[in-house]
Amino acid sequence: MGERCCAAVVRVLVLQAAWALSGGQVRYSVPEEAKAGTVVGRLAQDLGLEAGEAEARRLRLVAPGRRASVEVSGASGALLVSSRLDREELCGKSAPCALRLEVLLERPLRVFHVQLEVTDINDNAPVFPAARKNLSMAESSVPGSRFPLQGASDADIGPNAQLTYALSPSEYFSLDLQKSNERNIEPELVLTKSLDRETIPVHHLVLTASDGGRPSLTGTMELVISVLDANDNAPQFNQSVYKVQLLESAGVGTLVTRVNATDMDEGINSEVTYTVTNFLPTSGKDVISINPNTGEIHLTAALDFEEVSVFDFRIEAKDKGTPPLSGHCKVVLEVLDVNDNAPEVWVTSLSVPVPEDASLGTVVALLSVFDRDSGENGRVRCWVWPASPFGLEATFAGSYSLVLREALDRERVSEYEVEVRAEDGGAPALRASRGLRVPVSDVNDNAPLFAQAVYTVLARENNAAGAELARLWARDPDEAANGRVSYSVWDGGVGGGGAAGSSSGVGWRPASSYVSVDAESGRLWALQPLDYEELQVLQFEVRAVDAGEPPLSGNATVQLFVLDENDNAPALLPPAGSAAEAGGVAAAESALSLSGAGSESGTLWAWAAWGAPAGQVVAKIRAVDADSGYNAWLRYELWEPRGKGPFRVGLYSGEVSTARALDEADGPRQRLLIVVRDHGEPARSATATLSVSLLEAAEAALAAGSSSSSSLSAVSRSAAGVELGAGAASAATNVWLVVAICAVSSLFLLAVVLYGASRWAPRAAVLSAPGPTTLVCASEVGSWSYSQRHSRSLCVADGAAKSDLMVFSPNFPPPPPAPAAKDTQPEPSALLDTVSATALSCHGACKAAEQRTVSLQAQERVRVGGSAPVRRRARL
């Protein structure tokens, strides 16, 4: 027992050593197609197992992934063929064909690898793809023509798959074997003699393939060669080049042309198909298509002359012969331009703004104009709209310059909207335009201009210092600094020995001492209060200067008229013929006149005779007002006594006359308080007291004579005076008036002596008081009032003309007519008639003097509003 165990151990060790030396793998070989049950090898013995051990340890075969076709006998441990072995099925063309098997042995578990190689036998004959091959050959095929044939295939490998070919005998064909590689041979049929379809229309040949096995196996294929009619005529086009012109506006589907090719053969050899083989440019393949049967070429896409103007196509006409023959022609498609592109205008350079003093020919912009069309369609005409002040100049083809053709004026047009228009020469013409905005920059080419050349400014006197008189405005159409205007008083003044508009004798004073102008706003304002009595008209110039380089200026004349305010009360004048006459009116005023509302003057004396009828002038109150217009228009009112007294005062003449016939009941003396008012707002007034003594007629005549003589001696009696007439006269007229008064006085004294007993009193008395004899022309219809301070005298001693004349026409009833008693005695009214005649002479002299001075009064125009009387030139 121990010996047996030792023997087994030794045997196992020997087997393990042998297994290790053999690489651990048992190899067997079996031919394919071996019958089932064929012993491949004694596996158990080769693995070193004893009899019965293979079954005891469950020796079995594992063939992963495929059917093994072999098995292990459990009893003997031999490896047997269990099913058909087909090498071609198992391995295909792979060589060698080896199957890898795994053998399991349990207790202990062991794995053994077994490799079974299946060897090839010549069991497959060569096989052609088809048993019959039909070939067509033209009878015109030349000897030597080769026709490749598809060879046979053999599923075996090695020598069993090496094929050889043989062709059945034929005088027209032979077989040529071409070795494509070491194992493959390709047979080719070679024409050895020209064919004649009429002799042998069909040739039948047999191609035999033999393998290299033992015994050799063969395969055959029948070759049926049909001799076809010779296609010896290729299609011919009737034109080698087709030239076609087509408008680029042609629509898709338009027929381009029709090509035609003919074949002289008959039958199928004459049937032709057309194809386009070449496109130039390549984009042409999308442009056209050809009908393969008719040869008609149609557009398949739109044409664009600007992209491609010419297309070249190669047309092939192929017949249906075998082999087919072909002919070729060329189609040249010329695309004709259509005016489908409007001109394009581009601004390449723009120089703005343009100075308004730019010279003619200045280039404002550079433009590029082009049209993608050609010929007349691409010939572009350009112009500028509106036509002025710019124009176009062509520099070179397609390039233009926008230049200045006319002078610019920014003040007239500050910006131009210019449109450059382009039109091509197509029919119809296409147009395009490009708008340009050309601003004009300012230069200082405009001087400030006042709205008026002469400004007439009315200002009331006694205005506050700094009061605004007017606003002057000068327009400068330039902009920015060129249009910024500053104002200043430039020239003018008053004075200098009786300058126009001034009544004072002061020296010349510049206008800048009276007024000033704001440099920015042009506001004219007074530097001091104005006094109409000192200054009536101030004429000066205001200059407006802009801030440009160089600065420009403009002037305007300002005539400032000072309007009178009622700031002067009426002043009473001394009686006519007083001693103050020699010293002038000014001396009389300083001595006797009263001013201011409610002021009280000295008493004036007058005489009236008992029985004087109503309307008898007793005295005349003389007063002047330094103002003018309504402010100097005086009215006289009897303040005391009120009610129905014996006397009345002329509203505007100042004449004191009897309101009714005087009688003794009126007393010996009447005291009258007379108020002199002007028409100003508020009104100013002065008062005069008149004492009227009532005397007998003889006493009144003596008093009148005494008054006349005292007037000749020029002795002043009181501070107030009485005036016998109305108006003003010259010194020469006063002399004649004195002579007339003396003559009348003499006649009156003579009448008193002759009619001393008469009860009739004289109708008028000439009252005189010491003072200057300044005559004022008067009448029943009104009075002429004057202002000595303002040169308002109508008649003066030196004959100088007055500056203006105020005419008043009050509407009061005339005095009643005198009673008819003057035929019994000379009435004192004759004296008044004489005085009236003298006054008329004075009026004529004054009128002549005024007519001589009309031309000197052109600058004084003062209008007083409302219903006030209007100052007129001395044309009465």
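Not measured: the values here are computed from a predicted model.

Here is what the cut-offs are and how they apply
- Residues numbered from 1 in each chain as written.
- Predicted model: local features only at pLDDT ≥ 70, side-chain atom pairs only at ≥ 80, totals over all residues.
- Heavy atoms only, no water.
- Helix = DSSP H or I, 4+ residues; strand = E, 2+ residues; numbered from the N terminus.
- Buried < 20%, exposed > 50% of the residue type's maximum accessible area, 1.4 Å probe, protein only.
- Contact = heavy atoms within 4.5 Å.
- Areas by Shrake-Rupley, 256 points an atom, 1.4 Å probe, with all protein chains shown as cover.
- Pairing = 2+ DSSP bridges.
- Core = buried A, V, L, I, M, F, W, Y, C linked by side-chain atoms within 4.5 Å.
- Axes fitted to C-alpha atoms, helices over the stretch in contact; angles between N-to-C directions.
- Salt bridge = Lys/Arg side-chain N within 4 Å of Asp/Glu carboxyl O.
- Polar contact = N/O pair within 3.5 Å; in protein donor to acceptor, adjacent residues only side chain to side chain.
- Phe/Tyr/Trp six-rings, centres within 6.5 Å; stacked < 30°, edge-to-face > 60°.
- Lys NZ or Arg CZ within 6 Å of the ring centre and 35° of its normal.
- pLDDT = per-residue confidence, 0-100.
- Patch = residues over 30% accessible without salt bridge, like charges linked within 9 Å, V, L, I, M, F, W, Y side chains within 5 Å.
- Lys, Arg positive; Asp, Glu negative; His and termini not counted.
- Charge placed at Lys NZ, Arg CZ, Asp CG, Glu CD.

## Focus on the overall build of the chain
When its secondary structure is counted, the chain shows 9 helices and 52 strands. Here the chain holds 876 residues, and 45% of them are scored as buried. The contacts of the chain with a sequence gap of at least 6 include a subset with a gap of at least 24, amounting to 70%. A total accessible area of about 43600 Å² is found for the chain, and carbon and sulfur atoms account for 53% of it.

## Comments concerning unusual backbone geometry
Among all residues except glycine, the phi angle is most often negative; among peptide bonds, the trans geometry is most common. A cis geometry characterises the amide bond from Trp385 onward to Pro386, with omega recorded as -5°. Here Pro386 is to be found in the loop between β27 (380–385) and β28 (390–396). Of note, the amide linkage connecting Ser388 to Pro389 takes the cis form, showing an omega dihedral of 5°. Counting through the fold element by element, Pro389 comes out in the loop between β27 and β28. Phi is positive for Asn462, which is not a glycine, with a value near 65°. The topology assignment puts Asn462 in the loop between β33 (454–460) and β34 (468–471). Taking the relative accessible area as the measure of exposure, Asn462 reaches 44% and is therefore partly exposed.

## A few points about the sheet that holds strand β25 (residues 354–355)
With mixed pairing, the 4 strands of this open sheet are ordered in space as β25-β31-β30-β27. Single-partner strands in this sheet number two, and they are β25 and β27.

## Side note on the nonpolar core
Taken as a class, soluble globular proteins show a tendency for nonpolar side chains to be buried jointly. Of all hydrophobic cores here, the largest spans 27 residues; its most connected members are Phe450, Leu469, Tyr487, Phe540, Val558 and Leu560. For this core, the secondary structure elements donating two or more residues are β33, β34, β36 (485–494), β38 (515–517), β39 (523–526), β40 (537–546) and β41 (553–563).

## Some remarks on the sheet that holds strand β22 (residues 310–319)
Taking strand neighbours across the sheet as the criterion, the 4 strands line up as β16-β23-β22-β19 in an open arrangement whose pairing is mixed. Each edge of the open sheet is held by one strand with a lone partner, namely β16 (241–247) and β19 (272–280). Neighbour to neighbour, the strand axes of the sheet diverge by 25° on average, direction disregarded. The pairing of β22 with strand β23 (residues 326–336) spans 9 bridges and is classified as antiparallel. Bridge pairing links Val310 to Glu334 in β23.

## Quick word on the pattern of salt bridges
Counted by the stated rule, this structure contains 19 salt bridges. Across the pair Arg460 and Glu565 runs a salt bridge, and its minimum N-O distance is 3.2 Å. Of this pair, Arg460 sits in strand β33 while Glu565 sits in the loop between β41 and β42 (571–572), and the two are 105 residues apart along the sequence. On the basis of relative accessible area, Glu565 is assigned to the partly exposed category, the value being 23%. The salt bridge involving Arg660 is made with Asp666; its shortest N-O contact spans 2.7 Å. Its relative accessible area of 31% is what places Arg660 among the partly exposed residues. Via salt bridges that share partners, Arg410, Glu411, Asp442 and Glu479 belong to a single interconnected network.

## A look at the side chain of Asn444
Within the element layout of this structure, Asn444 appears in the loop between β31 (431–441) and β32 (449–450). Within polar-contact distance, the side chain of Asn444 engages the side chain of Asp546 at 3.3 Å. Separated by 2.8 Å, the side chain of Asn444 and the backbone oxygen of Pro550 make a polar contact. Non-local contacts of Asn444, meaning those with residues more than four positions away in its chain, are made with Asp478, Asn482, Asp546, Gly548, Glu549, Pro550, Pro551 and Leu552.

## Things to note about the packing of aromatic side chains
Applying the stated criterion across every chain, the model contains 9 aromatic pairs. Ring plane angle 80° and centroid distance 6.1 Å describe the contact between Phe450 and Tyr455, whose orientation is recorded as edge-to-face. Classification of Phe450 as buried rests on a relative accessible area of 7%. Site record: aromatic cluster; members linked through ring pairs are Phe279, Phe311 and Phe313. The lysine or arginine in question, Arg434, covers the ring of Trp346, its NZ or CZ lying 5.1 Å from the ring centre. One cation-aromatic arrangement involves Arg642 over Trp639; the distance from NZ or CZ to the ring centre is 3.9 Å.

## Structural notes on the confidence of the model for the chain
Residues with a pLDDT of 70 or more make up 73% of the chain, whose mean pLDDT is 75. By mean pLDDT, helix α6 (residues 585–592) is the weakest element of the chain at 31, and strand β21 (residues 296–299) is the strongest at 96. Across residues 1–23, confidence stays below pLDDT 50; counting only partners more than four residues off in sequence or on other chains, it has 11 contacts. Here residues 759–876 is a poorly scored stretch, pLDDT under 50, and it has 269 contacts once near neighbours within four places are set aside; other chains count.

## With respect to the pairing of strand β13 (residues 202–210)
In this structure, strand β10 (residues 164–167) lies alongside β13, joined through 4 bridges in antiparallel fashion. When the sheet's bridge partners are listed, Leu167 is paired in β13 with Leu207. In terms of strand pairing, β13 meets strand β14 (residues 218–228) through 9 bridges, oriented antiparallel. Note on β14: the bridge partner recorded for Leu205 is Leu223.

## Details of a nonpolar patch on the surface
A cluster of nonpolar side chains, namely Val347, Leu350 and Val352, defines an oily patch on the protein surface of about 190 Å² accessible area. Along the polypeptide, Val347 turns up in strand β24 (residues 344–350).

## Considering the side chain of Asp476
Structurally, Asp476 can be placed in the loop between β35 (474–475) and β36. The charged side chain of Asp476 is buried without a salt bridge, its nearest counter-charge being Arg410 at 6.9 Å. Apart from residues no more than four positions distant in its own chain, Asp476 is found in contact with Asn446, Ala447, Pro448, Asn482, Gly483, Val485 and Asp546.

## Here we look at the environment of Val649
With respect to the helices and strands, Val649 occurs in strand β47 (residues 647–649). For Val649, a relative accessible area of 16% puts it in the buried group. It is 8.9 Å that separates the C-alpha atoms of Val649 and Ala659, two residues lying 10 residues apart in sequence. With near-sequence residues (within four places) excluded, Val649 lies in contact with Tyr636, Leu638, Gly654, Glu655, Val656 and Ile674.

## Let's talk about a negative patch on the surface
Where like charges cluster on the molecular surface, the negative patch consists of Asp663, Glu664, Glu696 and Glu699. Tracing the backbone through its elements, the reader meets Glu696 in the loop between β50 (685–695) and α7 (697–713).

## Focus: the pairing of β50
In summary, the side chains of a regular strand alternate between the two faces of the sheet. With 11 of its 11 residues buried, β50 lies for the most part within the structure. The alternating pattern of β50 places Ser685, Thr687, Thr689, Ser691, Ser693 and Leu695 on one face and Ala686, Ala688, Leu690, Val692 and Leu694 on the opposite face, and all of these are buried. As paired elements, strand β43 (residues 603–609) and β50 share 7 bridges and run parallel to each other. In the strand pairing of β50, Ala608 is matched with Leu694. Looking at chain direction, strand β49 (residues 669–678) and β50 are connected through 9 bridges and run antiparallel. Each residue of the ladder has a partner; that of Val675, found in β50, is Thr687.

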